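What follows is the residue order along each chain.
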Amino acid sequence: MSFKRGKGKDEEDNISEHAPPKKTSKKDTSGDDSGDEDTIFICDVSKNRRVSVRNWQGKVFVDIREFYMKDGKQMPGKKGISLSMDQWKELRAHVDEIDKALS
């Protein structure tokens with residue numbers, strides 16, 4: 001008695017007909033003036049962290065993000081958070097509680 005792992009030949013042929021579409025890579029729009037994003041720099045929190053307000057796809061976000069150097073330019077990294085206006089207002093409403101917890 002032999003046990004076979006995986007799918008049989010008939011199943012593989014059937015699956016290939018219904019395979020999901022291939023993934024496409026994201027376009028790098030950091031240097032693109034597509035008009036899709038407006039950024040207002042607010043401040044440097046540290047050497048590699050910035051706070052900015054940006055308009056992206058018609059919505060306003062507070063963006064707190066790490067940056068890195070590439071070819072002499074500062075580029076936004078993956079590490080960071082973009083808060084919607086509702087999230088930003090909720091965070092601001094709790095600033096006193098955060099300050100109290102930190103002291």
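Residues numbered from 1 in each chain as written. Predicted model: local features only at pLDDT ≥ 70, side-chain atom pairs only at ≥ 80, totals over all residues. Heavy atoms only, no water.

## Re the overall build of the protein chain
Just so we agree on the cut-off: We count a stretch as a helix when DSSP gives it H or I for four or more residues in a row; a strand needs E for two or more, and each element gets its number in order from the N terminus. Residue burial is assigned from relative accessible area. The probe radius is 1.4 Å, only protein chains are included, and a residue is buried under 20% of its type maximum, exposed over 50%, and partly exposed in between. Any two residues whose heavy atoms approach within 4.5 Å are treated as being in contact.
Within the protein chain, the secondary structure is distributed over three helices and four strands. In the protein chain, the succession of helices and strands from N to C terminus is α-β-β-β-β-α-α. Split into buried and exposed, the 103 residues of the protein chain put 11% on the buried side. Intrachain contacts of the protein chain at a sequence separation of at least 6 include 9% that bridge at least 24 residues.

## A closer look at the side chain of Ser 52
Looking at the secondary structure, you find Ser 52 in strand β2 (residues 49-56). Setting aside residues no more than four positions away along its own chain, Ser 52 makes contact with Thr 39, Ile 40, Phe 41, Ile 42, Phe 61, Val 62 and Asp 63.

## What about unusual backbone geometry?
Its identity is not glycine, yet Gln 57 carries a phi of approximately 50°, on the positive side. For Gln 57, the position within the fold is in the loop between β2 and β3 (59-70). Classification of Gln 57 as exposed rests on a relative accessible area of 51%. Positive phi is not limited to glycine here, since Asp 71 has a value of about 55°. Its place among the elements puts Asp 71 in the loop between β3 and β4 (73-84). Accessibility expressed as a relative area gives 74% for Asp 71, which makes it exposed.

## As for the packing of aromatic side chains
Counted only if it meets this: Ring pairs shown here join Phe, Tyr and Trp side chains whose ring centres sit within 6.5 Å, with only the six-membered ring taken for Trp; geometry is labelled stacked below 30 degrees between planes, edge-to-face above 60, and tilted in between. Lysine and arginine charges are scored as sitting over a ring when NZ or CZ, respectively, is within 6 Å of the ring centre and within 35 degrees of the ring normal.
Summed over the entire model, instances satisfying the criterion amount to zero aromatic pairs. Residue placement shows Arg 50 over the ring face of Phe 67; its charged tip is 4.7 Å from the ring centre.

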